[in-house]
Amino acid sequence: MRGKSVHRIFWWAMYSGLATKLPSWSRIGKRLRVHCAVRFCDSVHKTANINSHARIGWTTRIGEHGGVGEDCVLRGEVSIGPHVTMGPGCYFLTGDHPVPPDYGAFRDMTATSRPIIVQEDAFIGARAIVLSGVTIGRGAVVGAGAVVAKDVAPGVVVVGNPARDIRRRAV
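Since the structure is predicted, the reported quantities are computational estimates derived from the model, not experimental observations.

Bringing the environment of Val142 into the picture now. Residue placement: Val142 occurs in strand S16 (residues 141–142). The exposure class assigned to Val142 is buried, which follows from its relative accessible area of 0%. For the pair Val142 and Val156, spaced 14 residues apart in sequence, the C-alpha separation works out to 8.4 Å.

With that settled, the discussion passes to the sheet that holds strand S19 (residues 164–168). One open sheet holds the 5 strands; their spatial order is S8-S13-S16-S18-S19, and the pairing between them is mixed. Looking at strand neighbours, the two that pair on one side only are strand S8 (85–86) and S19, the edges of this open sheet. Here strand S18 (residues 156–159) pairs with S19 via 4 bridges, running antiparallel. From the neighbouring strand, Val157 faces S19, where its bridge partner is Arg167.

Across all of its chains, the model carries 4 aromatic pairs by this definition. A centroid spacing of 5.4 Å and a plane angle of 50 degrees characterise the contact between Tyr15 and Phe40, whose relative ring orientation is tilted. Placement of the pair is Tyr15 in helix H1 (residues 6–17) and Phe40 in helix H2 (residues 27–40), with a sequence separation of 25 residues. Both residues of the pair, Tyr15 and Phe40, belong to the buried class. Judged by centre distance (5.7 Å) and plane angle (85 degrees), the rings of Phe40 and Trp58 are edge-to-face. Of the two residues, Phe40 is situated in helix H2 and Trp58 in the loop between strand S3 (55–56) and strand S4 (61–62); the sequence distance between them amounts to 18 residues. Comparing Phe40 with Trp58 shows no difference in burial state: the two are buried. Pairwise contacts between aromatic rings join Trp12, Tyr15, Phe40 and Trp58 into one cluster. Above the face of the Trp11 ring, Arg39 is positioned so that its terminal group lies 5.7 Å from the ring centre.

Thresholds, definitions, all that
- Residues numbered from 1 in each chain as written.
- Predicted model: local features only at pLDDT ≥ 70, side-chain atom pairs only at ≥ 80, totals over all residues.
- Heavy atoms only, no water.
- Helix = DSSP H or I, 4+ residues; strand = E, 2+ residues; numbered from the N terminus.
- Buried < 20%, exposed > 50% of the residue type's maximum accessible area, 1.4 Å probe, protein only.
- Pairing = 2+ DSSP bridges.
- Phe/Tyr/Trp six-rings, centres within 6.5 Å; stacked < 30°, edge-to-face > 60°.
- Lys NZ or Arg CZ within 6 Å of the ring centre and 35° of its normal.

Below, the structure is given as structure tokens:
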């Protein structure tokens, strides 16, 4: 936790040790999760909704009225725009590594990290997985269980593994 102030570490410990364990229906739990997240994350709006057991990282950004579902994992540099809604169990994976060609040694590979951006008014279905470097456009919908490996255009509905466009919606 290099470079983090003691203040931020304290609020992260409060979030992970206590606030995430409180039930989602508890008004005190919701307020405490957001209160802690505002103090240890890079940028979390005070009107955000973070449900129980959600794991968020230091560099997470959540916009006005942005929602993080129960049991979601947002590690690394993840930006959730205003009015974004997500179901339970979503994974945002910013870490990646190249696969060595022609039976190369895995010990020689270098890990990389690219940010994930979810723009305003998007909806992410339950158990969706969003991979490193993806941008989900304004008003887009990601179906439940989809694996998103490429950018999603604004107003597009994607489903499946890998996620494919099935239709457009008016944004």
